[in-house]
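Take a look at the letters that make up each chain.
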Amino acid sequence: VCVAGYEQSDGNEILQLIPPPTLLTKETQGLCPERDFKVECGGFSERPVYSLKYVPDTSLLVTSGPPDSSLQVWQVSAEDSDVIKSVSTLATENGTGQSWAKIATISARAPWVLHGSRLDRVQITEVESRKNVYTAASRGSEEISSLAFLDCNTLLLCCTTGRLCLADIRQPQSLVEAMRVPSASCSERWCMSTRHGGQGLEPSSQPVARLSSRGLLTLTDLRKTSEVLALAKARVLSPGSGAEFLCVSWAPALEGYLAISGFDGTVHVYDTQSWDSSGKEAEPVFIHKGHAFGGAGGSGDLPQVTVHTWHLQKPRTLLSAASDGSLHVWDWVQPCGKC
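Quick caveat: nothing in here was measured; it's all calculated off a predicted structure. (Residues numbered from 1 in each chain as written. Predicted model: local features only at pLDDT ≥ 70, side-chain atom pairs only at ≥ 80, totals over all residues. Heavy atoms only, no water.)

What to know about the nonpolar core
Here is step 1: If you look at the biggest cluster of nonpolar residues, it comprises 19 residues, and the most contacted ones within it are Leu-114, Ile-124, Phe-149 and Leu-155.
Here is step 2: Elements that contribute at least two residues to this core include exactly strand E8 (102-106), strand E9 (112-116), strand E12 (144-149), strand E13 (154-159) and strand E14 (164-168).
Here is step 3: Residues within four places of Leu-114 in sequence aside, it is in contact with Lys-102, Ile-103, Ala-104, Val-122, Gln-123, Ile-124, Leu-147, Ala-148, Phe-149 and Leu-155.
Here is step 4: In terms of nonpolar packing, the next biggest core, distinct from the first, is built from 18 residues, Leu-217, Ala-230, Ala-234 and Val-248 among them. (Core = buried A, V, L, I, M, F, W, Y, C linked by side-chain atoms within 4.5 Å. Buried < 20%, exposed > 50% of the residue type's maximum accessible area, 1.4 Å probe, protein only. Helix = DSSP H or I, 4+ residues; strand = E, 2+ residues; numbered from the N terminus. Contact = heavy atoms within 4.5 Å.)

What about empty space enclosed by the protein?
Here is step 1: Applying the stated rule across the entire model yields one cavity of 30 Å³ or more.
Here is step 2: In this structure, the largest cavity encloses a volume near 40 Å³.
Here is step 3: The wall of the largest cavity is formed by Val-236, Ile-260, Ser-261, Gly-262, Phe-263, Asp-264, Thr-266 and His-268.
Here is step 4: Residues belonging to the lining of the largest cavity are distributed by class as follows: three nonpolar, four polar and one charged. (1 Å grid on protein atoms, 1.4 Å probe; cavity = no way out; pocket = protein on both sides within 12 Å on 5 of 7 lines; lining within 4 Å. Points joined across faces, edges and corners; volume = space filled by probe spheres on them. Nonpolar A, V, L, I, M, F, W, Y, C, P; charged D, E, K, R; others polar.)

Some thoughts on unusual backbone geometry
Here is step 1: In this structure, Pro-67 follows Pro-66 across a cis peptide bond, with omega equal to 15°.
Here is step 2: Relative to the helices and strands, Pro-67 resides in the loop between strand E5 (60-64) and strand E6 (71-76).
Here is step 3: Positive phi values are uncommon outside glycine, yet Asp-57 reaches one of about 65°.
Here is step 4: Among the secondary structure elements, Asp-57 is positioned in the loop between strand E4 (51-54) and E5.

Brief notes about the side chain of Asn-12
Here is step 1: With respect to the helices, strands and loops of the structure, Asn-12 is situated in strand E2 (residues 12-18).
Here is step 2: Overall, Asn-12 belongs to the buried group, its relative accessible area being 4%.
Here is step 3: Here Tyr-6 takes part through its backbone nitrogen, which lies 3.5 Å from a polar atom of the side chain of Asn-12.
Here is step 4: From its side chain, Asn-12 meets the backbone oxygen of Glu-7 in a polar contact 2.7 Å long.
Here is step 5: Excluding anything up to four places from it in sequence, Asn-12 contacts Gly-5, Tyr-6, Glu-7, Gly-43, Phe-44, Ser-45, Arg-47 and Pro-48. (Polar contact = N/O pair within 3.5 Å; in protein donor to acceptor, adjacent residues only side chain to side chain.)

A closer look at the side chain of Thr-63
Here is step 1: As for its placement among the helices and strands, Thr-63 is situated in strand E5.
Here is step 2: Thr-63 gets classed as buried once you look at its relative accessible area, which sits at 1%.
Here is step 3: A polar contact is formed between the side chain of Thr-63 and the side chain of Trp-74, at a distance of 3.0 Å.

This is the structure we're talking about:
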């Protein structure tokens with residue numbers, strides 16, 4: 001597990017942590033005497049880290065953060081060293097003055113990073129050679145909130161306005177708008193999550209979830225973008241409080257479940273299988289409140305969840321981090337009435 005700091009200073013840590021033994025076993029264990037993460041190696045970033053991605057099948061990490069849209073590439077050191085060192089910077093054309101870049105990685109053909117801060121500045125760069133592989137063709141300059149590889153040829157981009165755009169790297173001049181969100185407010189900010197299904201399923205057949213800063217959730221089938229697959233309202237206490245840490249993610253090993261965070265010190269888990277297009281409030285099946293009980297930080301503010309992610313093999317296990325520097329790993333239990 002890799003974590004990093006995002007303070008506006010030149011001393012932000014980047015750490016690779018070894019999970020506790022109970023997370024490394026396939027079987028569900030009872031009480032485990034060792035419950036802490038251990039630092040395996042680490043380094044320091046001269047800028048805040050707003051996004052961190054591991055490059056599959058390599059020992060490289062890619063990070064981004066203010067004050068511009070450049071990327072930093074890091075080498076997770078070999079067994080004889082405990083240092084994560086900076087190896088290169090991927091500068092972007094006209095990157096000065098742009099907001100920090102959102103990133104996604106893949107290693108289907110070569111180690112690639114998809115990155116950009118605005119719709120007309122999205123590109124794919126080969127990490128090791130720093131060669132530009134693809135640049136999206138767009139006349140718009142909307143700010144990007146999320147981006148993803150659907151496969152090695154297809155990209156999905158989400159603007160902060162909620163607009164989805166599909167791109168095919170084999171057709172550099174094509175950028176297809178998939179769907180706008182219904183009746184979106186201009187003050188809302190949106191992010192998205194794609195779900196990758198089992199073998200044999202087309203990436204486009206997997207639903208796309210979008211979450212707004214007001215707590216609205218939409219599910220979209222990219223094969224039929226003229227219709228909303230489902231629409232719901234999340235039960236959040238402080239909608240519209242900001243979108244800095246807005247996060248939605250599909251469970252990789254549990255059909256139809258997703259989690260949201262970024263509104264306060266909690267993470268909500270929802271079962272989307274009963275959702276329809278009514279837009280009514282959805283009942284979470286579980287709320288993780290561990291970070292909220294961590295107490296106020298030095299500023300007196302309660303901790304806010306900054307990001308969460310699902311364990312790839314353990315269906316009901318999630319990891320979440322908060323603004324007070326806490327990192328939690330937790331399981332949730334289905335209510336007895338729905339077993």
